[in-house]
Amino acid sequence: MKIVFHGGNAANFRSGFEALTGPHHQIVDVSDTLDQPGERAHFESADVIVGIRLGASDPLPLKLRLYQAPAAGTDAIDPARLPPGALLCNAFGHENAIAEYVMAALLLRHVPLADADARLRRGDWAYWAGRPGALRSELGQQTIGLLGYGHIGKAIGARAKAFGMRVSVANRSPVSLSAAVDESCGLDALAPFMGSADAIIVSLPLNAATTGIVDAAALAAMRPDAVIVNVGRGPVIDEAALFAALSERRIGGAIIDTWYRYPNAAEPETLPAALPFETLPNLVMTPHMSGWTDGTVRRRQETMAENIRRLDEGRELLNIVR
């Protein structure tokens, strides 16, 4: 089969791919713009495309059997441009990395290592055990609210339980109570859910039903000292409502990894939103990094290679989106 890696994002998963798929496939690398000699022809004749975007500006992959996204999100891939019978699959493998990011971010709110270090270097023993005002809170005494209980939510919940946290879940499909879940509800009960936890973790995918689902009313239902963490997609949380809640200090804070605006060819360095989130002291900002580890790349490569083996052998594929 001809396997085409399309663009810079797919290139992250290219190294060593022959060792996973075997030598009998043709693997071709093409640019995002498909403007180099022969690239459009390779794209149009591919059996498998690895990429994250298929839109009106891209040629039609007329022979395609599998469009394999090397990520969970497929919202930039237009299924209408796939030929009849072609499958669209995604890849996960990022849940362990994202869960570690979330727990690290939450722990730092209870264990202020950086501030303690900076102070002691100045001779300031502010956090010394026994000193008045030095008592800290504990993560294990809190409730975590998981808005979305897919791969990411389950991985975060397992680690939260290891710290002794209570776990509350809001999910589109029902989630049964168990040793892993103390309380659950549907997305139609968002207000009580938002008020049920000290930390709300958003890991919902972006679609018509979830865009802006965390709106001003949802944020107003949060506890005044609670924190919200977004590792799903930026627009799941309404941008203006989040900025207002933080700037007016109606919630305890936020940790945001997924955003409203991203770098592009015209603006390779850009602030991540139209509103000035960078001015807010009660916000931790990171550049969509939570799932990006060597482990994530390796696990996604293995999923993609397994799907190519299954396609070659006529077996059912993993993670079929369409």
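For the structure, see preceding data.
Here's a quick rundown of the structure. (Residues numbered from 1 in each chain as written. Predicted model: local features only at pLDDT ≥ 70, side-chain atom pairs only at ≥ 80, totals over all residues. Heavy atoms only, no water.)

### Looking at the sheet that holds strand S1 (residues 2–6)
Read from one edge of the open sheet, five strands run S2-S1-S3-S4-S5, paired in parallel fashion. Looking along the sheet, the strands with just one partner apiece sit at the ends: strand S2 (26–30) and strand S5 (87–89). Looking at each pair of strands side by side, their axes are set apart by 20 degrees on average, direction ignored. Bridge count between S1 and S2: five bridges; the pairing is parallel. Residue pairing across strands places Val4 opposite Val28, the latter belonging to S2. Contacting S1, strand S3 (48–50), strand S4 (66–68) and S5, helix H10 (residues 294–313) crosses the sheet at an angle of about 175 degrees to S4. (Pairing = 2+ DSSP bridges. Helix = DSSP H or I, 4+ residues; strand = E, 2+ residues; numbered from the N terminus. Axes fitted to C-alpha atoms, helices over the stretch in contact; angles between N-to-C directions. Contact = heavy atoms within 4.5 Å.)

### Here we look at the environment of Asn307
Along the chain, Asn307 turns up in helix H10. With relative accessibility at 0%, the residue Asn307 sits in the buried group. For the pair Asn307 and Ile255, spaced 52 residues apart in sequence, the C-alpha separation works out to 35 Å. Sequence-distant contacts of Asn307, defined by excluding residues within four places in its chain, comprise Leu66, Gln68, Cys89, Leu317 and Leu318. One polar contact links the side chain of Asn307 to the main-chain amide nitrogen of Leu318, over a distance of 2.7 Å. (Buried < 20%, exposed > 50% of the residue type's maximum accessible area, 1.4 Å probe, protein only. Polar contact = N/O pair within 3.5 Å; in protein donor to acceptor, adjacent residues only side chain to side chain.)

### Quick notes on helix H9 (residues 239–247)
In terms of burial, H9 is a largely internal element, seven of the nine residues being buried. Taken as a whole, H9 has its buried residues at Glu239, Ala241, Leu242, Phe243, Ala244, Ala245 and Leu246. The elements touched by buried residues of H9 are helix H8 (216–220), strand S10 (227–230), strand S11 (253–256) and strand S12 (283–285). For H9, the side-chain oxygen to backbone nitrogen distance between the N-cap and Ala240 is 3.3 Å, and the N-cap itself is Asp238. Following H9 by one or two positions, Arg249 has its phi on the positive side, about 55 degrees.

### Focus on the sheet that holds S11
Here we have seven strands laid out as an open sheet, ordered S8-S7-S6-S9-S10-S11-S12, and parallel in their pairing. The sheet is open, and its two borders are formed by strand S8 (183–186) and S12, each paired with just one other strand. On average, adjacent strands in this sheet sit at an angle of 15 degrees to one another, irrespective of strand direction. Here helix H6 (residues 151–162) sits on the sheet in contact with strand S6 (143–147), strand S7 (166–171) and strand S9 (199–202), set at roughly 175 degrees to S6. Set on the sheet, H9 makes contact with S10, S11 and S12; between it and S11 the angle comes to about 135 degrees.

### What to know about the side chain of Glu306
Secondary-structure assignment places Glu306 in helix H10. Given the relative accessible area of 17%, Glu306 is considered buried. Setting aside anything within four residues of it in sequence, one finds Glu306 in contact with Arg315 and Leu318.

### Brief notes about helix H4 (residues 95–110)
Structural remark: α-helix, 3.6 residues per turn; residues separated by three or four positions point the same way. Along its 16 residues, H4 runs 23 Å from first to last C-alpha, staying within 8% of the 22 Å computed at 1.5 Å per residue. Within the span of H4, buried status applies to Glu95, Ala97, Ile98, Ala99, Tyr101, Val102, Met103, Ala105, Leu106 and His110. Where H4 is buried, its residues meet S6, H6, S9, S10, S11 and H10. (Expected span 1.5 Å × (residues − 1).)

### Topic: the nonpolar core
In this structure, Met194, Val214, Ile228, Leu242 and Phe277 are the most contacted members of the largest nonpolar core, which totals 31 residues. Only helix H7 (190–194), S9, H8, H9 and S11 provide two or more residues apiece to this core. With five residues, H9 is the single largest residue contributor to this core. Every residue in contact with Met194, bar those within four places of it in the chain, is listed here: Ile200, Val214, Ala218, Ala221, Met222, Arg223 and Ile228. Of all hydrophobic cores here, the second largest spans 26 residues; its members include Ala99, Val169, Val181 and Ile201. (Core = buried A, V, L, I, M, F, W, Y, C linked by side-chain atoms within 4.5 Å.)

### Describing unusual backbone geometry
Keep in mind that most residues, glycine aside, have a negative phi and that most peptide bonds are trans. Despite not being glycine, Leu34 has its phi angle at roughly 55 degrees, a positive value. Position of Leu34 relative to the elements: it lies in the loop between S2 and helix H3 (39–44). Relative accessible area serves as the criterion here: at 4%, Leu34 is assigned to the buried category. With a phi close to 55 degrees, Asn319 is a non-glycine residue in the positive phi region. Tracing the backbone shows Asn319 in the segment after H10. Classification of Asn319 by relative accessible area gives partly exposed; the value is 29%.

From the geometry alone we can't say anything about function, so treat these as descriptive.
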